[in-house]
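Residues per chain are reported as follows:
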Amino acid sequence: MRTVQVARRVNPHLSIDTYDPEAELMLLHFGPQHPSTHGVFRMDLTLDGEIVVKAVPHVGFLHRAVEKLCESLAYVQITPIVDKNDYVAPMTNEQALNMAFEKLLNLEVPRRARWMRTLFAELQRIASHLLWLGTFALDLGGALGGGSTVFIYCFRERELILDLFEEVTGARFHYNTHTIGGNRHDIPAGWSAKVHQALDVIASRLSEYEGMTLDNKIFVARTRGVGVLDADLALELGITGPILRACGVDHDLRRDAPFHAYNEVRVQVVTATGGDCLARAKVRLGEMRESIRLIREMVDNIPAGAINSGKPIKVPLQTKIPPGQTYVAIETPRGELGTYVISDGSQFPYRLKIRPPSLHALSALPYILPGATVSDAVAILGSLDPIMGEVDR
Amino acid sequence: MTGFLHGASYGVVIVSVLMTATALSLWFERKLAARMQSRLGPTLVGPAGLLQPLADVLKLLQKEDIVPLKADAILFNLAPPVAVVCAIGVAAAVPFSPTVVAADLDVGVLYVLAIGAITVLPVFSAGWASNNKLALLGGMRAVAQSISYEVPLVLAALVPVILAGSMRIGTIVRVQSEGHWFVVWPFFLGIPAFVIFVLAMLAEANRIPFDIPEAESELVAGVTTEYTGMKFALFYMAEYVHTLVASAVAAALFLGGWDGGPFRPGLHWMVLKTLLLFAALYWMRWTLLRFRSDQLMGLCWRWLVPSSVALVAGAAVWVVFVG
């Protein structure tokens, strides 16, 4: 893991200062009703022809005051609420949240539950990256063209993973399966065989997608050298996850600060160099392969035992956490998802702060958009994989 | 007078057939795309969803017709019909068989290219008159793209003209049916010219991978952003008619038109070739991603234009010394 001195000041609008003020610039409101803003994101792009001179991102269109709402909810009631934050990888939200509560309670999570969480996290990573690949191709190829073909293929495979989750939790998307001290739902009999089946399909199709993207001349032409982010700037902005690893920084909480059962398996961190959209695509495609390997290794060896420590659930709504504060971070498909909790000893959290990786990823936009064309801007935004649900909360 | 009546009657027939063919091609494309994407496509309206285009048109007819307050209403309303007229106008000079042709002009190739080139005007005026920034960007891209790709398109079309020694499309087809199709012999001129012609044609019709003027993931809907209902449908129709007619032109210029090789020549060959070409274009559309506009210009000026110039020179040399 690399540490960096946060000293370098970067002016995000370098180019507009040197711009001819007499030149005719056009202000384009990009979003929030734009088809490729991945939800309701808005950028104010100042354009010179098609070249972006200045970009100002605006967040907040999806703000739902989740953190404030959590202050008036019992601890066990919070899980289904945060499910909706990162709505592409919902289970990771539950994991980060409950890990923070468990840490404050000093609860030991049973080994079986930790293994299940690890498995779910990796399955979630594949599902999330598949969705990213589909929407990124949509950004590049359009809803009425080759992009939509990739999009539908990716959704077809993601469906297999949602089916697996449905079998365990009964829900396809907002699972509410993690709780303080463990999991709610146990793995049904014969589930691991289905996981293997699904992974076989996904693994073989993944090679197809690699061919459709990384070997595709148009894809490479559209992504190579586009949206280059250098490692220092990425670290300064607090960017984590695949975007940071695409800058060549070998940083992954799964290996560097193991949570769940990651200390019992060996995670090979995928990195790439270049920091451009192509590198990000390479990292995410590589991570899917790595996740498949991990799941195959783990799914047959899930230890037996309880799935919940069973301690604080006498009256779940009355669960009280001793006063204190803690910060817990896990590696989601998008990077470091942190939960910071302050407890005053009552049954509600005094303050709950969520640190979403997407918000930090979006903060790179003013630095990397100037100089790109409008087409590139769409590709760059897509390559950052922002989920507005967790950006705004 | 009889010439006029002949032309007019065939014109009416061709336009009606073309409109029907466009509606059917919509269905065909949706089915083809659905199969490529492991979907079913339209299934509910009519047998196998065949009446889906009709339902689409009915839906679009019911939509509110909106002219933006600050738009240039005249240009805004004029653009969609002009786009359709230009696209259909090209069909006039395309011989579908030795007899089925509205007007086999002496300067058929020139006429086809000229009318095809006018399509940029309605697209640009739509982009300008909409008073919408996204539409303006789309119109800007459309002008740059169409004018650039006009050059390789004309040069590639010159190759069969030189080889046949005529600008009359009927004569070009006749020369091919007496000798060889131009993609068969001389194939080293015919095939590259055909490929360039098809690529430039795709760019002119704004099809993927050259659909950057409407690039919906970037520009929402490009020049058609502000259009609703039937006016939007007219643009859509113009695009399909343009592709269909351009496929017919390519089939006539390079693939021997109505000639069936060892089999009896006739209208059916022309229709078959047009549809196959059309299907290939759709295949490309649902497979490829989109270029960026500067990459598109690079492809045109750095590769297509020089090679088409070389092809024209090659064709001239071939005609003088061999043919």
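Note that the structure is a prediction, hence the values are computed from the model and not measured.

So, how was this worked out
- Along each chain, the written sequence defines residue order, and numbers are assigned to residues from 1.
- By the order in which they are written, chains take letters starting at A while ligands take numbers starting at 1.
- In view of the model being predicted, local features appear only for residues whose pLDDT reaches at least 70, and side-chain atom pairs are presented and counted only at 80 or more, with totals across whole chains, interfaces and linings using the full set of residues.
- A run of DSSP states H or I qualifies as a helix once it reaches four residues; a run of E qualifies as a strand once it reaches two. Both are numbered from the N-terminal end.
- Based on C-alpha atoms, the radius of gyration is set beside the globule rule, defined as 2.2 Å times the residue count to the power 0.38.
- Put plainly, a residue is buried at 20 or more neighbouring C-beta atoms within 10 Å of its own, exposed at 12 or fewer, and partly exposed in between, counting only other residues' C-beta atoms, which are placed from the backbone.
- A residue pair is marked as a contact if its C-beta atoms, positioned from the backbone, fall within 7 Å.
- For two strands to count as paired, DSSP must find a minimum of two bridges between them.
- The angle between two axes is taken between their N-to-C directions and runs from 0 to 180 degrees, where each axis is a line fitted to C-alpha atoms and a helix contributes only its stretch in contact.
- Each residue gets one of three labels, nonpolar for Ala, Val, Leu, Ile, Met, Phe, Trp, Tyr, Cys and Pro, charged for Asp, Glu, Lys and Arg, and polar for the others, Gly among them.
- Oblique is the label for any angle not covered by the other classes, which are roughly parallel (under 35 degrees), roughly antiparallel (over 145) and roughly perpendicular (65 to 115).
- Two helices that cross are described as forming a left-handed crossing if the nearer one is turned anticlockwise from the farther one by less than a right angle, and a right-handed crossing if clockwise.
- Residues of type Ala, Val, Leu, Ile, Met, Phe, Trp, Tyr and Cys that are buried and joined through C-beta atoms within 7 Å form what is called a nonpolar core.
- By this rule, a helix spans an expected 1.5 Å times one less than how many residues it contains.
- How sure the predictor is of each residue is captured by pLDDT, a score from 0 to 100.

K.L.:
Whenever I open this one, the overall build of chain A confuses me. Can you help?
P.N.:
Helices and strands together make up the secondary structure of chain A, namely 16 helices and eight strands. On C-alpha atoms alone, chain A measures out to a radius of gyration of 21 Å, which is about the 21 Å that the 2.2 N^0.38 rule sets for 393 residues. Looking at chain A as a whole, 53% of its 393 residues qualify as buried. Within chain A, residue pairs in contact and separated by at least 24 positions form 71% of the contacts whose partners lie at least 6 positions apart.

K.L.:
Would you take a moment to explain the overall build of chain B for this structure?
P.N.:
Of regular secondary structure, chain B possesses twelve helices and zero strands. The order of helices and strands in chain B, counted from the N terminus, is α-α-α-α-α-α-α-α-α-α-α-α. Taken against the 2.2 N^0.38 rule, which gives 20 Å for 323 residues, the C-alpha radius of gyration of chain B at 20 Å falls within 12% of a compact globule. For chain B, the spread of C-alpha atoms along the principal axes amounts to about 60 × 50 × 45 Å. Within chain B, contacts between residues at least 6 apart in sequence are counted, and of these 77% link residues at least 24 apart.

K.L.:
Hey, could you run me through the sheet that holds strand S1 (residues 26–30) of chain A in this one?
P.N.:
Note: strands within a sheet are paired through backbone hydrogen bonds, in either parallel or antiparallel orientation. Residue and element names in this part refer to chain A. Taken in spatial order, the three strands line up as S1-S2-S3 in an open sheet, and their pairing is antiparallel. Across the chains shown, the open sheet's two edge strands, defined by having one partner strand only, are S1 and strand S3 (51–58). Strand-to-strand twist across the sheet, computed as the mean angle between neighbouring axes with direction ignored, equals 20 degrees. Where strand S2 (residues 42–48) meets S3, seven bridges bridge the pair, whose relative direction is antiparallel. Opposite leucine 45, over in S3, you have alanine 55 as the bridge partner.

K.L.:
What should I look at first to understand the interface of chain A and chain B in this one?
P.N.:
When the parts of a complex come together, some accessible area is lost, and that lost area is often used as the size of the interface. Listed per partner, the contact involves 31 residues of chain A and 24 residues of chain B. Elements that contribute at least two residues to the side of chain A that touches chain B include exactly S1, helix H5 (111–141), helix H6 (146–169), helix H8 (217–223) and helix H15 (374–383) of chain A. With six residues, H6(A) is the largest single contributor of residues to the side of chain A that touches chain B. Across the side of chain A that touches chain B, the residue classes tally to 14 nonpolar, twelve polar and five charged.

K.L.:
Just checking my understanding: could you explain the packing of helix H3 (residues 75–82) of chain A against helix H4 (residues 90–105) of chain A for this structure?
P.N.:
When two helices pack together, their arrangement is given by the angle between the helix axes and by the axis-to-axis distance. All names here are of chain A. Relative orientation of the contacting elements H3 and H4 amounts to 160 degrees, with a least axis distance of 8 Å. It follows that H3 is roughly antiparallel to H4 by the angle criterion. As for the relative orientation of H3 and H4, their crossing is right-handed in sense. Residues Tyr75, Ile78, Thr79 and Val82 of H3 pack against Asn93, Glu94, Leu97, Asn98 and Phe101 of H4. The residue inventory of the contact of H3 with H4, partitioned by class, reads five nonpolar, three polar and one charged.

K.L.:
I keep staring at the nonpolar core and nothing clicks. Help me out?
P.N.:
Grouped burial of nonpolar side chains is what soluble globular proteins tend to show. All names here are of chain B. Of all hydrophobic cores here, the largest spans 194 residues; its most connected members are Phe197 and Ala250. The element best represented in this core is helix H10 (residues 229–254), accounting for 18 residues. In contact with alanine 250, not counting residues within four places along its chain, are Phe194, Phe197, Val198, Met201 and Leu277.

K.L.:
Sorry, what's going on with unusual backbone geometry here?
P.N.:
Peptide bonds are mostly trans, and most non-glycine residues show a negative phi. Residue and element names in this part refer to chain A. Despite not being glycine, alanine 65 shows a phi value in the positive range, around 55 degrees. Note on placement: alanine 65 falls in the loop between S3 and helix H2 (66–70). Despite not being glycine, aspartate 385 shows a phi value in the positive range, around 55 degrees. Its place among the elements puts aspartate 385 in the loop between H15 and helix H16 (388–392).

K.L.:
For this particular structure, what's the right way to read H4(A)?
P.N.:
Counting along an α-helix, one turn takes 3.6 residues, and residues three or four places apart therefore face a common direction. Residue and element names in this part refer to chain A. With 16 residues, H4 ought to run about 22 Å at 1.5 Å a step, and its terminal C-alpha atoms sit 23 Å apart, in line with that. Burial within H4 is extensive, with 15 of its 16 residues counted as buried. Count one or two residues on from H4 and you reach asparagine 106, which has phi positive near 60 degrees.

K.L.:
Looking at this structure, how should I read the confidence of the model for chain A?
P.N.:
Where the model shows low pLDDT, its predicted coordinates should not be examined in detail. Of all residues in chain A, 92% attain a pLDDT of 70 or more, and the chain-wide mean is 84. Predicted confidence is poor over residues 1–11 of chain A, with pLDDT under 50, and the contacts of this stretch with residues over four places away or in other chains come to twelve contacts.

K.L.:
Got a minute to help me understand the sheet that holds strand S6 (residues 324–332) of chain A in this structure?
P.N.:
Residue and element names in this part refer to chain A. Sheet architecture is open: three strands sit in the order S6-S7-S8, paired in antiparallel fashion. The open sheet has two edge strands, S6 and strand S8 (349–355), and neither has a second partner. Strand-to-strand, the axes of this sheet are offset by a mean angle of 15 degrees, without reference to chain direction. Here strand S7 (residues 335–343) pairs with S8 via six bridges, running antiparallel. Counted as the bridge partner of threonine 339 is isoleucine 354 from S8. Against the sheet, H4 makes contact with S6 and S7, and its axis sits at roughly 150 degrees relative to S6, the strand it touches most.

K.L.:
I would appreciate a short explanation of the environment of B:Val317 in the present structure.
P.N.:
Position of B:Val317 among the secondary structure elements: in helix H12 (residues 293–321). Remark: the alpha-carbon pair of B:Val317 and B:Ile162, spanning 155 residues in sequence, is separated by 9.9 Å.

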